[in-house]
Amino acid sequence: MVTTHNLGYPRIGKRRELKFALESYWKGQLGADELEAQAAALRRQHWDEQGGLDLVPVGDFSLYDHVLDTSFMLGHVPERARGPGGDALDAYFRVARGRPAQDRDGPAACCAGVAAAEMTKWFDTNYHYMVPEFHAGTCFELDASRLLAQLEEARQAGVRAKPVLLGPVSYLALGKSKDGSDRLGLLPRLLPVYARLLQALAGQGVSWVQIDEPILATELDMDWQQAFNVAYRQLRVPGIRILLASYFGPLLDNRYLAANLPVDGLHVDTTRGLDDLAPLLNLLPAHKVLSLGVISGRNVWKSDLGALLDWLEPLAARLGDRLWLAPSCSLLHVPMDLESETALDPEIRSWLAFARQKLDELQLLARALNQGREAVRDALLANREALACRRASARVHRPEVRAALDAVTPQMGRRRSVHALRAARQAELLRLPAFPTTTIGSFPQTAQIRHARAEYKAGRLDAEAYRAAMRAEIERCVREQEALGLDVLVHGEAERNDMVEYFGEQLEGYAFSRNGWVQSYGSRCVKPPILFGDIRRTRPMTVEWTRFAASLTARPMKGMLTGPVTMLNWSFVRDDQPRARTCMQLALAIRDEVLDLQDAGVRVIQIDEAALREGLPLRRSQWEPYLAWAVESFRIAANGVADDTQIHTHMCYSEFHDILGAIADMDADVITIETSRSDMELLDAFDRFDYPNQIGPGVYDIHSPNIPTPEQIVQLMRKAAQRIPAERLWVNPDCGLKTRQWSEVLPALSNMVAAARSLRGIKA
Ligand code: GLN
Ligand code: ZN
């Protein structure tokens, strides 16, 4: 018999109940007991929804983040958050969110501020975890109370519970050493705590425990490989059987290591290539369970159940009871339930599976394997039909898009002249001063703008009135920029809800869910658009707004677009063709927009690639091919313009030293990046790499309410000028201004312009 289980379930709730409960609690409108009660109700509901499985995860739920939960369970709480008084929950959120210095009326009534722990991306997902902070002296002390309480809850609810833990090696790997000490040095202190935890679980009658070690899908140095051997030899606890879980990619060179650790079962992700499988079957000792993650936990498409059964049936015959089935990873990364998507086009909807539907698929597979395909004949038939319909749909496959793609040549991605020549032409046309000033695109999204957009969407505001409201906002934005004395203006992006959704909504090939929320961090969720078919632009998307903005001023107006790689990386992307191909389709659509903007007289065009770095594969050895097609897509989108049209791009991540070559290959005339928080340290990368084009290192940290003084900005620019010739420098903020208030933005930009003037040698 095949066993079914799940690695983790979304926590936020179908209607984002957890988000709203948390936010009320933080505002002091909801008591701690009430928050805990709502969390318990959600857990209960989620267990019910997973009730058909043989083993259900417990401990995957979190009020904020599961890595932070692990830190608390291990008694590893930053010193600064152990403040005087306040309960455990208070301390927990103190680490998660920080506490401003002026907050004197929280339960802890501390007067000094507490900095939040750093947050970073969970592998190649869009989920962010709280980074554990290590020192040479870090000690651990078990506090399993929360997990044990949840196990008790589960027991009372009749759940066949399988506790889920983040493994010790990945836990250390995901953290950061604050004093340069070796994190692995902490392993001997950490392991006894894990062992005690397993003993406590055994005491509760637990038999299987899932221990996640996702770093097994990444490249590991010898010492980290060795750490696995040391760790799992120490974690043998009578009564406890360990299922070691890896996911997000194949094991590759970690195969032998993973197969031979002294555990009772191994879970692998089979949705990102099956290369591992045959060798694993030979390597895996005959007593071990093999759990196959066959249903993708990373996308929203129905699985091909017939095809899965074709390769699973012989495996089931060979492995018997040792075969387990599961989604590839926790379902945290997909929306909860397709049921509620009543507004979604029924044809597209019939191709999709969210978390709940994925578990149905899993159970279907298990029944087909355990009882024969006949037992689930109708369901298999329905699955086959849905897939056939998707494969044949004229909305997925558009011959004209294919033809356009086939006609792409590398020439289309090359500017006519080298940057130095273009720069001269652009200077003639644009007549910009030295240290030109600009912004990244968006200006504050005021309550009125958001209100107008919502009213328009709901049909309560007609198109004419909406247009008038947006035009008024654009005009205000242009006037303010002129008054500030900025050199290259923007229209302010008032009409955009989100930089991907705005374009997706206007392109064929994209669909939007209503409740397809996925947790990004804490209470924050995103609703990625669904890219289901060939991408086609049917009409210009930004030209009218940009042209209107340009008509209001004699200064250069910068057109603002989202790049193909970012569109791709922030969407749920079709799985029936390579991502590179889909990205190129997006590139062609953006290219058309770029050329239309140029025709409309817009001679500075910015193409944002905020998410270029996010798409990097987990293994460095696979970076090269990704960067090749990602950069090529950008080039196709951007580089069809005349020499005197200036292309900008913007990237808001802060680490790019290791991909600087690829960024240079994009050949944008100007790149603006985030640098102010690191005090220009990020520009160190330019010591080793001679970046040929122009660059605007951010001088205003838009994530902070602080307003930089002109002197600070001049200082930053002087540092930048030590690395990059001054004639190639721009002056701009780190990122878009949409989350800030006008009252902050105006003085900050005014200081920025003053700083640029003083750099030019003009007295204020
Ligand atoms: N143009 C966008 C803005 O200013 C860029 C946002 C981003 O980089 N995330 O809002
Ligand atoms: Zn940015």
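The structure we're discussing is the one just above.
Everything numeric in this text was worked out from a predicted model, so none of it was measured.

Calculation rules
Residues numbered from 1 in each chain as written. Chains lettered and ligands numbered in written order. Predicted model: local features only at pLDDT ≥ 70, side-chain atom pairs only at ≥ 80, totals over all residues. Heavy atoms only, no water. Helix = DSSP H or I, 4+ residues; strand = E, 2+ residues; numbered from the N terminus. Buried < 20%, exposed > 50% of the residue type's maximum accessible area, 1.4 Å probe, protein only. Contact = heavy atoms within 4.5 Å. Areas by Shrake-Rupley, 256 points an atom, 1.4 Å probe, with all protein chains shown as cover. Lys, Arg positive; Asp, Glu negative; His and termini not counted. Charge placed at Lys NZ, Arg CZ, Asp CG, Glu CD. 1 Å grid on protein atoms, 1.4 Å probe; cavity = no way out; pocket = protein on both sides within 12 Å on 5 of 7 lines; lining within 4 Å. Points joined across faces, edges and corners; volume = space filled by probe spheres on them. Donors = N, O, S within 2.8 Å, 3.2 Å for Na, K, Ca; no water. Tetrahedral: all angles 85-135°; square planar, octahedral: opposite > 155°, others 65-115°.

A. Local environment of the overall build of the protein chain. Summing up its helical and strand segments, the protein chain has 27 helices and 22 strands in all. For the protein chain, the spread of C-alpha atoms along the principal axes amounts to about 75 × 65 × 55 Å. Expressed as a percentage of its 764 residues, the buried residues of the protein chain come to 58%. When contacts within the protein chain are restricted to residue pairs at least 6 apart in sequence, those whose partners lie at least 24 apart make up 77%. Summed over all atoms, the accessible surface of the protein chain reaches about 30,000 Å², with 50% contributed by carbon and sulfur. Measuring between centres, the 90 positive side-chain charges of the protein chain sit 1 Å from its 97 negative side-chain charges.

B. Examining the layout of surface pockets more closely. In this structure, the second largest pocket spans a volume of roughly 770 Å³. Along the walls of the second largest pocket sit 41 residues, with D69, T70, F72, M73 and R146 positioned nearest its centre. Among the elements that make up the lining of the second largest pocket, the one with the highest residue count is helix α3 (residues 66-73) (5 residues).

C. Quick look at the side chain of S442. In this fold, S442 is placed in the loop between α16 (419-430) and α17 (447-457). Of the residues examined, S442 reaches a relative accessible area of 5% and is grouped as buried. Among all residues touching S442, those that are not within four sequence positions of it are G492, E493, G736, L737 and K738.

D. Summary view of the coordination of the zinc ion (ligand 2). The coordination sphere of the zinc ion (ligand 2) contains the protein donors H650 (NE2), C652 (SG) and C735 (SG), at a distance range of 2.1 to 2.6 Å. Coordination geometry of the zinc ion (ligand 2): the 4 donor atoms subtend angles of 85 to 121° at the metal centre, consistent with an arrangement described as irregular. Positions of the donor residues of the zinc ion (ligand 2) along the chain correspond to the pattern H-x1-C-x82-C. Taken together, the residues span a long stretch of sequence, with C652 in the loop between β20 (646-651) and α24 (660-666) and C735 in the loop between α26 (710-721) and α27 (742-759) at a distance of 83 residues. Its relative accessible area of 22% is what places C652 among the partly exposed residues.

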